[in-house]
Each structure stands twice: as C-alpha cells, then as structure tokens.
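# Residue-level structure breakdown
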Amino acid sequence: MRHNDIETLPNRIVGMQRLETLFNQKGYLICQSSGERIYDFNEVVAIFLPLSPSTDNVIAVSSICAPEFVQKCISSIQ
C-alpha cells in the first residue's frame, strides 16, 4: 500500500479524524498496546493496519508503546 495512493489516503485521513472525534468526546483514548488511557492527543500514534488492499484499521497507541507495538505486529506476520 503506497502512502500517496489516491484512494487510501482519504480513508486514512477519515480514520485519524474519527480518533480525534472520539478523543474530543471522551477526553482520552485507550492505548491498544497497554490498555492505559491517553489524555494528551499529541501522545497518540495512529497505526494503520491493512485489512485488505483497500481497507485499513486505525489503532490508537501511545507514543511510548508504539515502537514495541509495531515490532510485535511485524513479528506476528513473519
């Protein structure tokens, strides 16, 4: 999946906007790696996991947990 693909880029923007909307409604997001609440939106890393060639799943992870989370994802597909 290319980052500049015309059809997936808008979906990724929408996915990030949904995370931001959820954050604004609740005041936090749940880190999908640690289960802890993230109260600072600047600490949120959005990770896009491809479900199919045209669909991604956006995951909110704290910036502290993101490197380890991504490594686990990569290790699970190898």
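The text that follows walks through the structure, step by step, so that each part is easy to find.

Conventions used here
Residues numbered from 1 in each chain as written. Predicted model: local features only at pLDDT ≥ 70, side-chain atom pairs only at ≥ 80, totals over all residues. Heavy atoms only, no water. Salt bridge = Lys/Arg side-chain N within 4 Å of Asp/Glu carboxyl O. Helix = DSSP H or I, 4+ residues; strand = E, 2+ residues; numbered from the N terminus. Buried < 20%, exposed > 50% of the residue type's maximum accessible area, 1.4 Å probe, protein only.

## So, the pattern of salt bridges
- Inspection of the entire model under this criterion finds two salt bridges.
- With its nearest N and O atoms 2.7 Å apart, the salt bridge here joins aspartate 56 to arginine 12. Pair noted here: aspartate 56 is in strand E4 (residues 55-62) and arginine 12 is in helix H1 (residues 8-26), with a separation of 44 residues, a long-range link.
- When its relative accessible area of 15% is taken as the criterion, arginine 12 is described as buried.
- When the shortest N-O distance is used, the salt bridge between lysine 72 and glutamate 68 registers 3.3 Å. Highlighted residues: lysine 72 and glutamate 68, both in helix H2 (residues 66-77), separated by four residues, approximately one helical turn.
- According to the relative accessible area criterion, lysine 72 is exposed, its value standing at 52%.
- Judged by relative accessible area, which is 49%, glutamate 68 ranks as partly exposed.

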